[in-house]
Amino acid sequence: MNSIFSQFNTVKYEGPTSDNALAYRWYDADRIVLGKALKEHLRFAVAYWHSLAMTGSDPFGGSTLARPWMGAGDPIELAKIKADAAFDLFRVLDLPFFCWHDADIAPNGETLAETLKNFHTMVDYLEQKMSSHSTRLLWGTANLFSHPRFMAGASTNPDPEVFLWSAATVKNCMDATKRLGGSNYVLWGGREGYETLLNTDMKQELEQMGRFLTLVVEYKHKIGFEGQILIEPKPKEPTSHQYDFDVATVYGFLKRFGLENEVRVNIEANHATLAGHSFEHEIATAGGLGILGSLDINRGDALLGWDTDQFPNDLWTMTMSMYHVIKAGGLGQGGCNFDAKVRRQSFTPDDMVHAHVGGVDLCARAFLAAAKLIEDGKYDALLSERYAGWKSERGAKLLSGELSLDAIETLALKDELNPQPRSGRQEAIENLLARSIYTDAV
Ligand code: XUL
Ligand code: CO
């Protein structure tokens, strides 16, 4: 079947010295690193919404990416042409996973029943395509933000009818994710937040959101879905305040509703920076809390304050992010989903391939550099030296809970304390990391 991607051969690994622009220079999928193949550590996924559904429009101009499935015609037939192109792109990139929203793969209908019928028609079609392709589903999700009915939120909407619509939609998206063998189900709170507190009963809305998530977790167990349920934090955009602000806020929300052992997080790089954090900060936070689920890979523009969703190109940041992923025990059932889009001037099919090749290689190179850092051990040694006091008998006793505040006072006076300042060694650490990261890990 011909598609806009048929002209491209499958991208192959050719090593760092290759000058073929459409080759992987770092992503040697079967290479064993830290005891496992690179492709199993990274579990790359293509995002259907950016790579197939995006039109290139922005607030100042219309579509620039004229794709064959975007013209006039029968909406289901066009969705099938889009799906054919999607699987052709997966073939070209040779990546193991993809992700979708319901609205990316199937057209909306006039009613809820018609919308769900369209959706299941397309899930059948994807199932058929997956039977002859190796690409698997990393996660499915529901688009509960684009249609005007969601303008004041989905589960947090002041109108319970929108809650009903959203719950029915998520139930169907979870059924489809299970049917297609998905590893995760994601909830990004598109418009779960507010534009102004002046018209918002925040306490009421958070109760609605907690109830909604509880329903999702109950349904997961009811149908025996073995994937992870993931919340994707974001602090703002499209609303001025999103309730799932960052990893720490999401953890507080999960604790409040008793869901901290049921739900993990899908961390997106550009969402982290919008929250005033780094990507690695959010990963380290989730790792420390035991809720790291999956990653949405992209980058923002340091000069712009919104979610530009560009493909990543910063080796330092990605290496430190991968370092914290490894320290957290890896991505498990999660993966690295390219929630990234080409710029609106990059409208040719080869732009889409170049974008993914660069992103894949950056992540693979960063993972190799992080693994090298860990195997080399010098950085970890500096860190453990800094905290060595806490490994001593006295340090362990302080954390064990056996000493009260007044017992600690007695101990402090008896020991004749005289703590000495010690260097934080930031520049020495930065130099050590720079030597390690920018020296090719082949
Ligand atoms: C929006 C975003 C979404 C989620 C899935 O900023 O990241 O695409 O990843 O709904
Ligand atoms: Co995302």
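Please read all numbers here as calculations on a predicted model, not as lab measurements.

1. A word on the overall build of the protein
Regarding its fold elements, the protein presents 16 helices and 12 strands. Computed over the C-alpha atoms, the radius of gyration of the protein is 24 Å, within 12% of the 22 Å expected from 2.2 N^0.38 for a compact globule of 442 residues. Seen along its three principal axes, the alpha-carbon backbone of the protein occupies a region of about 85 × 60 × 45 Å. Looking at the 442 residues of the protein, the share that counts as buried comes to 50%. For the protein, contacts bridging at least 24 residues in sequence account for 77% of all contacts bridging at least 6. Of the roughly 20900 Å² of accessible surface on the protein, 53% is carried by carbon and sulfur atoms. For the protein, the centre of its 43 positive side-chain charges and the centre of its 58 negative side-chain charges are spaced 3 Å apart.

2. Let's talk about the domain arrangement of the protein
Looking at the protein, the domain boundaries give domain 1 (32-376) and domain 2 (379-437). Computed from C-alpha atoms alone, the centre-to-centre distance between domain 1 and domain 2 is 39 Å. Here domain 1 packs against domain 2, burying approximately 890 Å² in sum over the two surfaces, 64% of which is carbon and sulfur. In terms of surface lost to domain 2, no three residues of domain 1 exceed Trp 316, Tyr 323 and Leu 373, which account for 52% of the buried area on that side. Counting across the domain 1 and domain 2 interface gives 1 salt bridge. Lys 327 is the partner of Asp 380 in a salt bridge, and the nearest nitrogen-oxygen pair spans 2.8 Å. In this structure, the connection of domain 1 to domain 2 is made through 3 residue pairs in polar contact (both at pLDDT 80 or more). The leading source of residues in the side of domain 1 that touches domain 2 is helix H11 (residues 315-327), at 6 residues. By residue class, the composition of the side of domain 1 that touches domain 2 is 7 nonpolar, 1 polar and 2 charged.

3. Thoughts on the nonpolar core
Counting 118 residues, the largest nonpolar core has Phe 5, Trp 100 and Leu 295 as the members making the most contacts within it. Of all the elements, helix H12 (residues 349-376) adds the most residues to this core, at 15 residues. Both domains that meet at this core, namely domain 1 (32-376) and domain 2 (379-437), each give it at least three residues. Judged by nonpolar contacts, the second largest core, of 9 residues, contains Ala 47, Cys 99, Trp 139 and Leu 230.

4. Looking at the coordination of the cobalt ion (ligand 2)
Around the cobalt ion (ligand 2), the protein supplies Glu 232 (OE), Glu 268 (OE), Asp 296 (OD) and Asp 339 (OD) as donor atoms, at distances of 1.9 to 2.1 Å. Coordination at the cobalt ion (ligand 2) is octahedral: its 6 donor atoms span angles of 81 to 172° at the metal. Mapped onto the polypeptide sequence, the residues donating to the cobalt ion (ligand 2) form the spacing pattern E-x35-E-x27-D-x42-D. Of the two residues, Glu 268 is situated in strand S10 (residues 263-268) and Asp 296 in strand S11 (residues 292-296); the sequence distance between them amounts to 28 residues. For the pair Glu 268 and Asp 296, a shared accessibility class is recorded, and that class is buried.

5. A few points about the side chain of His 50
Along the chain, His 50 falls in helix H2 (residues 48-53). Setting aside residues no more than four positions away along its own chain, His 50 makes contact with Asp 309, Asp 339, Ala 340, Lys 341 and Met 352.

6. Quick notes on the site of ligand 1
The full set of residues close to ligand 1 is Trp 49, His 101, Trp 139, Trp 188, Glu 232, Lys 234, Glu 268, His 271, Asp 296, Asp 307 and Asp 339. Glu 232 has a polar side-chain atom sitting 2.7 Å from an oxygen atom of ligand 1. In the environment of ligand 1, an oxygen atom lies 3.0 Å from a nitrogen or oxygen atom belonging to the side chain of Asp 307. A total of 290 Å² of accessible area belongs to ligand 1 in isolation, and the protein chains cover 94% of it.

7. Some points on the packing of H11 against helix H13 (residues 378-386)
The contact between H11 and H13 brings their axes to 13 Å, and the two run at 70°. It follows from the interaxial angle that H11 and H13 lie roughly perpendicular. Of the two possible hands of crossing, H11 and H13 adopt the one that is right-handed. Residues Met 320, Tyr 323 and Lys 327 of H11 touch H13, and the partners they reach there are Tyr 379, Asp 380 and Leu 383. Class assignment for the residues of the contact of H11 with H13 results in 4 nonpolar, no polar and 2 charged.

8. Re the packing of aromatic side chains
This structure, assessed with the given rule, holds 15 aromatic pairs. Measuring from centroid to centroid gives 5.0 Å for Phe 90 and Phe 98, while their planes differ by 35°, and the two rings are tilted. The buried category is assigned to Phe 90, whose relative accessible area is 2%. According to the relative accessible area criterion, Phe 98 is buried, its value standing at 0%. Each ring, one from Tyr 194 and one from Tyr 243, has its centre 6.3 Å from the other, and the planes form 65°; the classification is edge-to-face. Taken together, the residues span a long stretch of sequence, with Tyr 194 in strand S7 (residues 193-194) and Tyr 243 in the loop between strand S9 (241-242) and helix H8 (247-256) at a distance of 49 residues.

9. Examining the packing of H12 against helix H16 (residues 426-437)
In the contact formed by H12 and H16, the axes pass within 9 Å of each other and the chain directions differ by 125°. What the angle tells us is that H12 and H16 run oblique. Where H12 crosses over H16, the two elements pack in a sense that is right-handed. Of the residues in H16, those touching H12 at Ala 369, Lys 372 and Leu 373 are Leu 433, Ser 436 and Ile 437. Here the residues of the contact of H12 with H16 sort into 4 nonpolar, 1 polar and 1 charged.

Parameters at a glance
Starting afresh in each chain, residues are numbered from 1 along the sequence in its written order. The lettering of chains begins at A and the numbering of ligands begins at 1, in the order of writing. Since the coordinates come from a predicted model, pLDDT governs what is reported: local features require at least 70, and pairs of side-chain atoms require 80 or more to be given and counted, while whole-chain, interface and lining totals use all residues. Hydrogens and waters are ignored; side-chain quantities use all the structure's heavy atoms. By definition, any uninterrupted DSSP run of H or I lasting at least four residues is a helix, any uninterrupted run of E lasting at least two residues is a strand, and each is numbered from the N terminus. For the radius of gyration, the atom set is restricted to C-alpha positions; the globular benchmark scales as 2.2 Å times the number of residues to the power 0.38. Three labels apply to residues, based on accessible area from a 1.4 Å probe with only protein chains included: buried if under 20% of the type maximum, exposed if over 50%, partly exposed otherwise in between. The contact criterion used throughout is that any non-hydrogen atoms of two residues lie within 4.5 Å. Note that accessible areas follow from Shrake-Rupley with a 1.4 Å probe, and for residues the cover is restricted to the protein chains shown. When charges are counted, neither His nor the chain ends are considered; positive counts come from Lys and Arg and negative counts from Asp and Glu. Every charge is mapped to an atom, namely NZ of Lys, CZ of Arg, CG of Asp or CD of Glu. All domain edges in this entry derive from an automatic or database-based domain assignment. We define buried area as the total accessible area lost by two parts upon association, computed with a 1.4 Å probe and summed across both. Here, a salt bridge means any Lys or Arg side-chain nitrogen found within 4 Å of an Asp or Glu carboxyl oxygen. A 3.5 Å cut-off defines polar contacts: any pair of N or O atoms within that distance qualifies, except that in protein one atom must be a possible hydrogen donor and the other a possible acceptor, and neighbouring residues in sequence count only when both atoms are side-chain atoms. When residue character is reported, Ala, Val, Leu, Ile, Met, Phe, Trp, Tyr, Cys and Pro are called nonpolar, Asp, Glu, Lys and Arg charged, and the others, Gly included, polar. Here, nonpolar core refers to any group of buried Ala, Val, Leu, Ile, Met, Phe, Trp, Tyr and Cys residues whose side-chain atoms link them within 4.5 Å. Because water is not among the atoms used, a metal site may look incomplete, as its donors are only the N, O and S atoms within 2.8 Å, or 3.2 Å for Na, K and Ca. Here the metal geometry follows the donor angles, with tetrahedral for four donors whose angles all fall between 85 and 135 degrees, square planar for four and octahedral for six when opposite donors are more than 155 degrees apart and every other angle is between 65 and 115, and irregular for all the rest. Proximity is defined per residue: if any heavy atom of the residue lies within 4 Å of a molecule or strand, that residue is considered near it. For helices, the fitted line uses only the C-alpha atoms of the stretch in contact; every axis is such a line through C-alpha atoms, and the angle between N-to-C directions lies from 0 to 180 degrees. Roughly parallel means an angle under 35 degrees; roughly antiparallel, over 145; roughly perpendicular, 65 to 115; everything else is oblique. Crossing handedness: left-handed means the near helix sits turned counterclockwise from the far one by under a right angle, and right-handed means the same turn made clockwise. In summary, the pairing rule links any two rings of Phe, Tyr or Trp, Trp by its six-membered ring, whose centres are within 6.5 Å, and it sorts them by plane angle into stacked for under 30 degrees, edge-to-face for over 60 and tilted for everything else.

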